[in-house]
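Residue-level listing of the chains:
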Amino acid sequence: MTVMNHKQLTPCIEFFNPTTEDVTRCMEQRQPFIIRNGAANWVARTKWTWNFFKQNYGHHSIKVYRSSNDQDNRYMSLAEYIDYITSSDEKDPYYASAWQFSLYFKELVDDYQVADYFSCIIRNRIDDDLLHDQAALLLLRWIYMGPKNSGSRMHLDIASTHAWNAVISGRKEWVFYGPEEAEKVGFGQVNAAEPDLERYPMFHEAKGVHCIQNPGDIIFTPCTHYHQIRNLEAGISITENFVNATNCNEVKQALMQDEDISPEQASFIKLLIPEFA
Ligand SMILES: O=C(O)CCC(=O)C(=O)O
Ligand SMILES: [Fe+2]
């Protein structure tokens, strides 16, 4: 039994071994999809246990956020947080949802293999050392770690980037809403798991896409889609956001409009990626 309201939800497109053409078509048509077992052979799938992180990185300090409210956040050692993850039964637990792990532990990047159809013009173009230093704004790579019931509120991803997310352990429930549903989902303000229908009466007409992601499955989120996620079980996942020919123009527009990016940062980005100039 899952938590989100299934009435206007259709299942996500599902692939087992997609071709580049399959994937590119979905990216062009802005369709979320899941690749079952796409990460089956990654080293991370067996290596990234709770004990592995505790033993190797336990003293590292990470910032965790209350799942329903980013303003409620705190720092914990990874060892302390993993103990919390494995014992928490809270309804609205703290979530490690913004850990730019490779800034600290670059070797972890060797434990997973990104398929060619997810390659990114930023990562292809910018030298890795620069990405881990002056250009860290463009790293766009995170580990998510959290207990059962943790999750991410409805949101759009940063600067119109696409994203892939692979579950290493645990299980996630996803819902997606396309841009035509924006008003019905309160421009991302509604909580799809417990909607306030007095405030967002149109939500019950919003048509979404639904998916359960199991260990080894990889999900694609199109740059246009609102999405909300709940971890049905404690676990670890990894996300990389990316830019390719199918969203380059949108990213360029978004960078010009993004108030969180200073004019200096914008010029620097354009210098590194001429496509955004
Ligand atoms: O797993 C989550 O909690 C959020 C993942 C997400 O939003 C993403 O990969 O874009
Ligand atoms: Fe996201």
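Residues numbered from 1 in each chain as written. Chains lettered and ligands numbered in written order. Predicted model: local features only at pLDDT ≥ 70, side-chain atom pairs only at ≥ 80, totals over all residues. Heavy atoms only, no water.

(A) Main features of unusual backbone geometry. With a phi close to 55°, Arg 30 is a non-glycine residue in the positive phi region. On the secondary structure map, Arg 30 appears in the loop between helix 1 (20–29) and strand 3 (33–35). Non-glycine residue Leu 140 carries a positive phi angle of around 50°. Counting through the fold element by element, Leu 140 comes out in the loop between helix 6 (128–131) and strand 7 (141–146). (Helix = DSSP H or I, 4+ residues; strand = E, 2+ residues; numbered from the N terminus.)

(B) Geometry of the pairing of strand 12 (residues 226–242). Of all 17 residues in strand 12, 15 are buried; the element is thus mostly enclosed. Strand direction decides the pairing type here: strand 8 (residues 151–155) and strand 12, joined by 3 bridges, are antiparallel. Bridge pairing in strand 12 places Ser 152 opposite Ile 229. Across 14 bridges, the pairing between strand 9 (residues 162–177) and strand 12 is antiparallel. Paired with Val 167 across the two strands is Ser 237, which belongs to strand 12. (Buried < 20%, exposed > 50% of the residue type's maximum accessible area, 1.4 Å probe, protein only. Pairing = 2+ DSSP bridges.)

(C) Seen up close, the site of ligand 1. Neighbouring ligand 1 are Tyr 95, Tyr 144, Ser 152, His 155, Asp 157, Asn 165, Lys 172, Trp 174, His 227, Ile 229 and Thr 239. One of the side-chain nitrogen or oxygen atoms of Ser 152 is found 2.7 Å away from an oxygen atom of ligand 1. Those elements that provide at least two residues to the shell around ligand 1 are strand 8, strand 9 and strand 12. (Near = heavy atom within 4 Å. Polar contact = N/O pair within 3.5 Å; in protein donor to acceptor, adjacent residues only side chain to side chain.)

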